[in-house]
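# Observations on the model geometry
One-letter residues, chain by chain:
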Amino acid sequence: MSISPRTIKRCHLAAAIIWFILAIPSVIWWKNSVLWVIIISIYANIVGHLSGYSAARADQAAESENK
């Protein structure tokens, strides 16, 4: 399955907007919520791994073009 860079860019922008909106209740109401910290941690792990996967795909594509 191939995802276009435009789709990835839109998904990142949408996620950034959602997390920005969620920052307000996080600071006001959820600051002592363990569940919220778990959700943020899981999200950070997923995004980190997807970023690494995306970088590896770019490296693979560049390497195949050089051959």
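Predicted model only: the values in this text are computed from it and were never measured.

Conventions used here
Residues numbered from 1 in each chain as written. Predicted model: local features only at pLDDT ≥ 70, side-chain atom pairs only at ≥ 80, totals over all residues. Heavy atoms only, no water. Helix = DSSP H or I, 4+ residues; strand = E, 2+ residues; numbered from the N terminus. Rg over C-alpha atoms; globule rule 2.2 N^0.38 Å. UniProt positions renumbered as here; feature names shortened; annotations may be inferred. Patch = residues over 30% accessible without salt bridge, like charges linked within 9 Å, V, L, I, M, F, W, Y side chains within 5 Å. Areas by Shrake-Rupley, 256 points an atom, 1.4 Å probe, with all protein chains shown as cover. Salt bridge = Lys/Arg side-chain N within 4 Å of Asp/Glu carboxyl O. Buried < 20%, exposed > 50% of the residue type's maximum accessible area, 1.4 Å probe, protein only. Expected span 1.5 Å × (residues − 1). Polar contact = N/O pair within 3.5 Å; in protein donor to acceptor, adjacent residues only side chain to side chain. Bend = angle between axes of the 7 residues up to and from the residue. Phe/Tyr/Trp six-rings, centres within 6.5 Å; stacked < 30°, edge-to-face > 60°.

All right, on to the overall build of the protein then. Across its full length, the protein holds 2 helices and 0 strands. Taken against the 2.2 N^0.38 rule, which gives 11 Å for 67 residues, the C-alpha radius of gyration of the protein at 16 Å runs more than 25% over that of a compact globule. When its C-alpha atoms are laid out on the principal axes, the protein stretches across 55 × 20 × 15 Å.

This part takes up the UniProt feature "transmembrane region" (unreviewed entry) in the protein. According to UniProt, the "transmembrane region" (unreviewed entry) feature falls on residues 12–30 and 36–56. End C-alpha atoms of residues 12–30 are separated by 24 Å, and the span's content is 89% helix alongside 0% strand. With 100% helix and 0% strand, residues 36–56 has its two end C-alpha atoms placed 30 Å apart.

Below, the discussion takes up a nonpolar patch on the surface. On the surface, a nonpolar cluster with roughly 660 Å² of combined accessible area is contributed by V34, L35, I38, I39, I42, I46 and L50. Residue position: I38 is located in helix 2 (residues 34–66). I38 sits in the partly exposed class, given a relative accessible area of 43%.

When the terminal C-alpha atoms of helix 2 are compared, their 48 Å separation across 33 residues agrees well with the 48 Å that a helix rising 1.5 Å per residue should span. Sitting at the amino-terminal end of helix 2 is S33, which places a side-chain oxygen 3.2 Å from the backbone nitrogen of W36.

In this model helix 1 (residues 5–28) runs 35 Å from its N-terminal to its C-terminal C-alpha over 24 residues, within 8% of the 34 Å that 1.5 Å per residue would give. At L22, helix 1 shows its strongest bend, of approximately 25°, with the proline P25 following within four residues.

According to the stated counting rule, one finds 2 aromatic pairs in the structure shown. Considering the side-chain rings of W19 and W36, the 5.7 Å spacing of their centres and the 45° angle between planes classify their relative orientation as tilted. Residue W19 is found in helix 1, and its partner W36 is found in helix 2; the two are separated by 17 residues along the sequence. Overall, the relative accessible area of 23% leaves W19 in the partly exposed class. With 4.4 Å between their ring centres and 40° between their planes, W19 and Y43 make a pair best called tilted. Of the two residues, W19 is situated in helix 1 and Y43 in helix 2; the sequence distance between them amounts to 24 residues. Overall, Y43 belongs to the partly exposed group, its relative accessible area being 31%.

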